[in-house]
Amino acid sequence: MHTIAIWAPHWGPAAGFWPIFPIAWGLLWVALIALAVVGFRKGWWGPRRAGGRPPFAPAEPPTAAAERILAERYARGEMTDDEYFEKMSVLRGGAS
């Protein structure tokens, strides 16, 4: 066995690549910790923040605020059924 170790010194503790493995493991752990920090800050996982819409949720249509105002005015009795439905159809792109 000793003869084999002498013929092939790269099998022993003096191998040329031994410093690469601890460095690679260290870089792997640094990358995983950095990914976790970025993920928590951007909200990819972890507790959800109140008041914000979830990531990748569809955006609100551009007329949503106007439709809410019309619904509030209709609920208060400031407009009739015909006025409400006419204005909603105009907002949604229909003919009046």
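All values reported here derive from a predicted model rather than from experimental measurement. (Residues numbered from 1 in each chain as written. Predicted model: local features only at pLDDT ≥ 70, side-chain atom pairs only at ≥ 80, totals over all residues. Heavy atoms only, no water.)

1. As for the overall build of the protein chain
1) Next: In terms of helices and strands, the protein chain carries 4 helices and 0 strands.
2) Next: Counting from the amino terminus, helix and strand elements in the protein chain follow one another as α-α-α-α.
3) Next: For the protein chain, buried positions account for 9% of its 96 residues.
4) Next: For the protein chain, contacts bridging at least 24 residues in sequence account for 11% of all contacts bridging at least 6. (Helix = DSSP H or I, 4+ residues; strand = E, 2+ residues; numbered from the N terminus. Buried < 20%, exposed > 50% of the residue type's maximum accessible area, 1.4 Å probe, protein only. Contact = heavy atoms within 4.5 Å.)

2. As for the packing of aromatic side chains
1) Next: According to the stated counting rule, one finds 2 aromatic pairs in the structure shown.
2) Next: An angle of 20° between the planes, with centres 4.6 Å apart, marks the rings of tyrosine 74 and tyrosine 84 as stacked. One end of the pair, tyrosine 74, is in helix α3 (residues 64-76); the other, tyrosine 84, is in helix α4 (residues 81-91), and 10 residues separate them in sequence.
3) Next: By relative accessible area, which is 29% here, tyrosine 74 ends up partly exposed.
4) Next: Its relative accessible area of 14% is what places tyrosine 84 among the buried residues.
5) Next: Geometrically, the ring pair formed by tyrosine 84 and phenylalanine 85 is edge-to-face, given 5.3 Å between the ring centres and 65° between the ring planes.
6) Next: Ring pairing ties together the aromatic residues Tyr74, Tyr84 and Phe85, which thus form one cluster. (Phe/Tyr/Trp six-rings, centres within 6.5 Å; stacked < 30°, edge-to-face > 60°.)

3. Comments concerning a nonpolar patch on the surface
1) Next: A contiguous nonpolar surface patch, about 1,100 Å² in accessible area, is contributed by Phe21, Trp25, Leu28, Trp29, Leu32, Leu35, Val38, Phe40, Trp44 and Trp45.
2) Next: Within the secondary structure, tryptophan 25 sits in helix α2 (residues 20-42). (Patch = residues over 30% accessible without salt bridge, like charges linked within 9 Å, V, L, I, M, F, W, Y side chains within 5 Å. Areas by Shrake-Rupley, 256 points an atom, 1.4 Å probe, with all protein chains shown as cover. Salt bridge = Lys/Arg side-chain N within 4 Å of Asp/Glu carboxyl O.)

4. A few points about the side chain of glutamate 67
1) Next: The residue glutamate 67 is located in helix α3 in this model.
2) Next: Within polar-contact distance, the side chain of glutamate 67 engages the side chain of arginine 92 at 3.4 Å. (Polar contact = N/O pair within 3.5 Å; in protein donor to acceptor, adjacent residues only side chain to side chain.)

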